[in-house]
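Each chain, letter by letter, is given below.
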Amino acid sequence: MPSLLFDNVLLRELPGDCSDAPGPREVLDACYSRVMPTPVPAPRLLAHSADMAATLGFGVEELASDAFARVFGGNALLPGMQPSAANYGGHQFGVWAGQLGDGRAISLGEVLTVGGKRWELQLKGAGPTPYSRGADGRAVLRSSIREFLCSEAMHHLGIPTTRALCLVGTGEQVVRDMLYDGHPRAEPGAIVCRAAPSFIRFGSFELPAAHGDTALLRRLADFTIRRDFPHLAGHGEGLYGDWFGEVCARTARLMADWMRVGFVHGVMNTDNMSILGLTLDYGPYGWIEDYDPDWTPNTTDAQRRRYRYEQQPDVAWWNLSRLAAALAPLFGDIAPLQAGLDRYVAVYAEADRASIVAKLGLAACRDGDTALMQSLHDLLHEAEVDMTLWFRGLVDFDPQRPALEPLHDAFYDEAKRRAQEPALVDWLARYAARLADDPLPVAERRARMRAANPRYVLRNYLAQQAIERAEQGDCGGIHELLDVLRRPCDEQAGREAFARKRPDWARHRPGCSMLSCSS
Ligand code: AMP
Ligand code: MG
């Protein structure tokens, strides 16, 4: 194995749990607990990200070695690794939930790469920790494949996210009731190794704040700024305000990115919100197929739909307001916190306009363009149109011939298409008129639209097909998807099948359109 350089600064500089008692417990005055991964019977590498492996300096032979599978299955440590689980709280579905913490994620340490970048490595599903609250600390193969693939897909879309190094099968069965309907079954277990510069969450600050522990809150904030926001050093008096403002701006840009590509996180609890503005904790997420602003893939949230597609930007603001409340004790005057929340609104509005411009291929956003996009969204919803196919199809739109025909592929329902055809043709005519009045040359317009409107996204049914193959012992589907999703905006000859709209069989199928938090 290569000698990775570990610099576990979080463990060094923040207070850890004094107890090492086994079993779940409340952990006060500490940001983490030292805990070893629980060994698994038969660790086997099922997939890896070549990009992430290269970033960390793993060669092909190392990846294929037993030692690699043992380390990333939690059965062995490399020199410098110091396993720990983080302590944090969170608001779940709008309600303060108290201490949550890493119930099944175990950090191995912080790798410093040759380029000077810091990557915390974390095993998800590596066994119980003091934060497991009665659960088993494990993860099943299906949810691990979903996290592995989507982390890398998101990265290649250029959207901030935690990454995934590898997926290891454990050789152990894990019992889950997938739809929470009283049908538990044994499923294969797996572990994903995630990587990120920081896994600190909004909930990491909310917990010491809830305990009234301002000293710990301050230590954590100072540490986070020093390690994860080093460019803010020297900001003097306004430091905390500038930091919070930046967290708000990053979160706003992340929301605009999700909305642009049709990603629905599914569980935007404050413990799943990254302080760095990364997409974090891939659970019952999904990708919009037929355009529906009210859609959520998460059946656990099917009644209230708190985390539905359209509501994500508002939920992020609410989550930031919870973070602001937690940080308030660090501020003599809360005006900078209010300013940060206002900055969120302004940055989101600007990023949303940038999305409209990019998706429609315009030089700049003018009065009326937001309304043009809104009326398109309304029509796509009414007519049940595939979001990804529609926008990608629009790249080749000919303003001289504003016809619907070239976009027929994007429709799920013939009757609805026919019913909405006049309104859609009318919209295309408005769009053609707008383009006629836009200075962008055609080639430039199309290039910008291709970059903003991916051809390939991790469609829910594609992930499910790869999962079903893997559960039968064939990981080929994971490798294929990973490879396709490395170039989501390019046309890839021979891979048209990966760009197809959801087939009928997947419409109401568990794993495709219905997912729960069971993982
Ligand atoms: P999530 O909704 O996946 O972000 O998880 C919420 C909380 O539940 C986190 O504190 C997780 O660590 C914990 N958790 C989820 N699944 C398990 C499990 N199988 N074992 C232990 N803790 C878990
Ligand atoms: Mg979580």
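Residues numbered from 1 in each chain as written. Chains lettered and ligands numbered in written order. Predicted model: local features only at pLDDT ≥ 70, side-chain atom pairs only at ≥ 80, totals over all residues. Heavy atoms only, no water.

### With respect to the pattern of salt bridges
Inspection of every chain in the model, using the stated rule, returns 38 salt bridges. With a closest N to O distance of 2.9 Å, Arg366 and Asp437 form a salt bridge. Placement of the pair is Arg366 in the loop between α10 (335-360) and α11 (369-383) and Asp437 in the loop between α13 (414-436) and α14 (442-452), with a sequence separation of 71 residues. Classification of Arg366 as partly exposed rests on a relative accessible area of 34%. Among the residues examined, Asp437 registers a relative accessible area of 51% and is labelled exposed. Between Glu468 and Arg509 there is a salt bridge, with its nearest N and O atoms 2.8 Å apart. (Salt bridge = Lys/Arg side-chain N within 4 Å of Asp/Glu carboxyl O. Helix = DSSP H or I, 4+ residues; strand = E, 2+ residues; numbered from the N terminus. Buried < 20%, exposed > 50% of the residue type's maximum accessible area, 1.4 Å probe, protein only.)

### As for unusual backbone geometry
Positive phi outside glycine occurs at Asp29, with the angle close to 60 degrees. Turning to its location among the elements, Asp29 is positioned in the loop between α1 (9-13) and β2 (32-34). If you check the backbone angles, Arg133 has positive phi at about 45 degrees while not being a glycine. Turning to its location among the elements, Arg133 is positioned in the loop between β8 (118-124) and α5 (141-156).

### Quick look at the packing of aromatic side chains
Within the structure shown, the criterion is met by 18 aromatic pairs. Ring centres of Trp390 and Phe411 lie 6.5 Å apart, and the angle between their planes is 80 degrees; this geometry places the pair in the edge-to-face category. Taken together, the residues span a long stretch of sequence, with Trp390 in helix α12 (residues 387-394) and Phe411 in the loop between α12 and α13 at a distance of 21 residues. Three or more aromatic residues link up through ring pairs in this structure, and these residues are Trp258, Phe263, Tyr282, Tyr285 and Trp287. Positioned above the aromatic ring of Trp318, the side-chain terminus of Arg306 is 4.9 Å from the ring centre. Sitting above the plane of the Tyr412 ring, Lys501 keeps its charged end 5.7 Å from the centroid. (Phe/Tyr/Trp six-rings, centres within 6.5 Å; stacked < 30°, edge-to-face > 60°. Lys NZ or Arg CZ within 6 Å of the ring centre and 35° of its normal.)

### A closer look at the pairing of strand β9 (residues 163-176)
For β9, the buried fraction is high: 10 of the 14 residues fall into the buried class. Relative to β9, strand β3 (residues 44-48) is paired through four bridges, and the arrangement is antiparallel. The partner of Arg44 across the bridge, within β9, is Gly169. Inspection of the sheet shows β9 paired to strand β10 (residues 185-196) by 10 bridges, in the antiparallel sense. Residue pairing in the sheet places Val168 in a bridge with Ile191 of β10. (Pairing = 2+ DSSP bridges.)

### Considering helix α7 (residues 214-228)
Helix length check: α7, at 15 residues, gives a terminal C-alpha distance of 20 Å against a target of 21 Å (1.5 Å per residue), a fit within 8%. Turning to α7, its buried residues number three or more, namely Leu216, Leu217, Leu220, Ala221, Phe223, Thr224, Ile225, Arg227 and Asp228. Buried positions along α7 lie against α1, β7 (105-112), β8, α6 (202-210), α8 (239-261) and α9 (312-327). (Expected span 1.5 Å × (residues − 1). Contact = heavy atoms within 4.5 Å.)

### Some thoughts on the site of ligand 1
The environment of ligand 1 is made up of 16 residues, and the closest members are Gly101, Gly103, Arg133, Gly137 and Asn272. At a separation of 2.5 Å, an oxygen atom of ligand 1 approaches a polar backbone atom of Gly101. In the environment of ligand 1, a nitrogen atom lies 3.3 Å from a nitrogen or oxygen atom belonging to the side chain of Arg176. Burial of ligand 1 by the protein amounts to 82% of the accessible area it has alone, namely 490 Å². Looking at the shell around ligand 1 residue by residue, the class counts come to two nonpolar, six polar and eight charged. (Near = heavy atom within 4 Å. Polar contact = N/O pair within 3.5 Å; in protein donor to acceptor, adjacent residues only side chain to side chain. Areas by Shrake-Rupley, 256 points an atom, 1.4 Å probe, with all protein chains shown as cover. Nonpolar A, V, L, I, M, F, W, Y, C, P; charged D, E, K, R; others polar.)

### Observations concerning the coordination of the magnesium ion (ligand 2)
In the first shell of the magnesium ion (ligand 2), the protein supplies Asn272 (OD1) and Asp281 (OD), at 1.9 to 2.2 Å from the metal. Looking at Asn272, the relative accessible area reads 11%, which means it is buried. On the basis of relative accessible area, Asp281 is assigned to the buried category, the value being 13%. (Donors = N, O, S within 2.8 Å, 3.2 Å for Na, K, Ca; no water.)

### Overview of the confidence of the model for the chain
Regions with low pLDDT carry predicted coordinates that are not meant to be interpreted in detail. Residue-level pLDDT values for the chain average 97, and 100% of them are 70 or greater. Looking over the chain, one finds the lowest element-wise mean pLDDT in helix α3 (residues 60-64), namely 95, and the highest in α6, namely 99. (pLDDT = per-residue confidence, 0-100.)

### Describing the packing of α8 against α9
With their axes 10 Å apart at the nearest point, α8 and α9 run at an angle of 165 degrees to one another. Considering the angle they form, α8 stands roughly antiparallel to α9. As for the relative orientation of α8 and α9, their crossing is right-handed in sense. Contacts from Trp243, Phe244, Val247, Cys248, Thr251, Met255, Trp258 and Met259 of α8 reach α9 at Gln312, Pro313, Ala316, Leu320, Leu323, Ala324 and Leu327. (Axes fitted to C-alpha atoms, helices over the stretch in contact; angles between N-to-C directions. Parallel < 35°, antiparallel > 145°, perpendicular 65-115°, else oblique. Left-handed = near helix turned anticlockwise from the far one by under 90°.)

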